[in-house]
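Examination of the molecular architecture
For reference, the chains in residue letters:
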Amino acid sequence: VQLVESGGGLVQPGGSLRLSCAASGFTFSNYRMSWYRQAPGKERELVASISSTGITTNYADSVKGRFTISRDNGKNTVSLQMNSLKPEDTAVYYCNEPLRGYWGQGTQVTVSS
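Residue numbering note: each chain is counted from 1, following its sequence as written. The model is predicted, so local features are restricted to residues of pLDDT at least 70 and side-chain atom pairs to those at 80 or more, both for listing and for counting; the totals for chains, interfaces and linings are taken over all residues. Based on all heavy atoms of the structure, the side-chain values leave hydrogens and waters out of the count.

Considering the pairing of strand β5 (residues 45–50)
Here, a strand pair is defined by DSSP locating no fewer than two bridges between the strands. Every helix listed is a DSSP run of H or I at least four residues long, and every strand listed is a run of E at least two residues long, numbered separately from the N terminus. Across 5 bridges, the pairing between strand β4 (residues 33–38) and β5 is antiparallel. Within the sheet, the bridge partner assigned to Met33 lies in β5 and is Ile50. In this antiparallel pair of consecutive strands, β4 and β5, the connection spans 6 residues, and Gly41 shows a positive phi of 75°. Inspection of the sheet shows β5 paired to strand β6 (residues 57–59) by 3 bridges, in the antiparallel sense. Within β6, the position partnered with Ser49 by the bridge is Asn58. In sequence, β5 turns back onto β6 through a hairpin of 6 residues, with Gly54 there showing a positive phi of about 90°.

So, the sheet that holds strand β7 (residues 67–72)
Strand order in the open sheet made by the 4 strands is β1-β3-β8-β7, with antiparallel pairing throughout. Taken across any chain shown, the strands that pair with only one partner, and hence form the sheet edges, are β1 (2–6) and β7. Strand-to-strand twist across the sheet, computed as the mean angle between neighbouring axes with direction ignored, equals 15°. To define axes, lines are fitted to C-alpha atoms, for helices over the stretch in contact only, and angles between the resulting N-to-C directions are given on a 0 to 180 degree scale.

Some words on the state of the cysteines
Defined by distance alone, a disulfide is two cysteine sulfur atoms within 2.5 Å. Summed over all chains, the structure comprises 1 disulfide. Through a disulfide, Cys21 is tied to Cys95; the S-S separation comes to 2.1 Å. Disulfide Cys21 to Cys95: torsion about the S-S bond roughly -80°, handedness left-handed. Of this pair, Cys21 sits in strand β3 (residues 17–24) while Cys95 sits in strand β9 (residues 91–97), placing them 74 residues apart in sequence. Neither Cys21 nor Cys95 differs from the other in exposure class; each is buried. The buried label applies to any residue whose accessible area, calculated with a 1.4 Å probe on protein chains only, is under 20% of its type's maximum; exposed applies above 50%, and partly exposed to all values in between.

Shape is all these values report; function is a separate question.
Structure, rendered in structure tokens:
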């Protein structure tokens with residue numbers, strides 16, 4: 001199983017980024033997927049999750065209305081569109097398959113002027 005994140009970087013407050021996670025080694029369309037983040041000195045927290053079909057999504061209160069999780073089961077990818085970014089969104093973002101506990105290596109997102 002491999003989960004490979006991409007799309008992180010440095011962005012100014014109010015800006016946008018789109019993270020992607022490419023999955024391989026399992027039947028992607030059968031599994032719920034999640035994005036987590038971990039800021040320096042803080043515990044890893046759930047940002048958003050999406051059901052296997054993509055019909056149901058859930059978000060942390062801190063990102064509701066700003067972030068959108070989506071998936072493409074034909075391409076085995078899950079994405080996180082992040083808009084109106086704030087400095088407190090700065091963290092390493094991880095792709096996760098929660099049922100079996102698989103994690104990607106993470107991608108750094110830094111929101112700073």
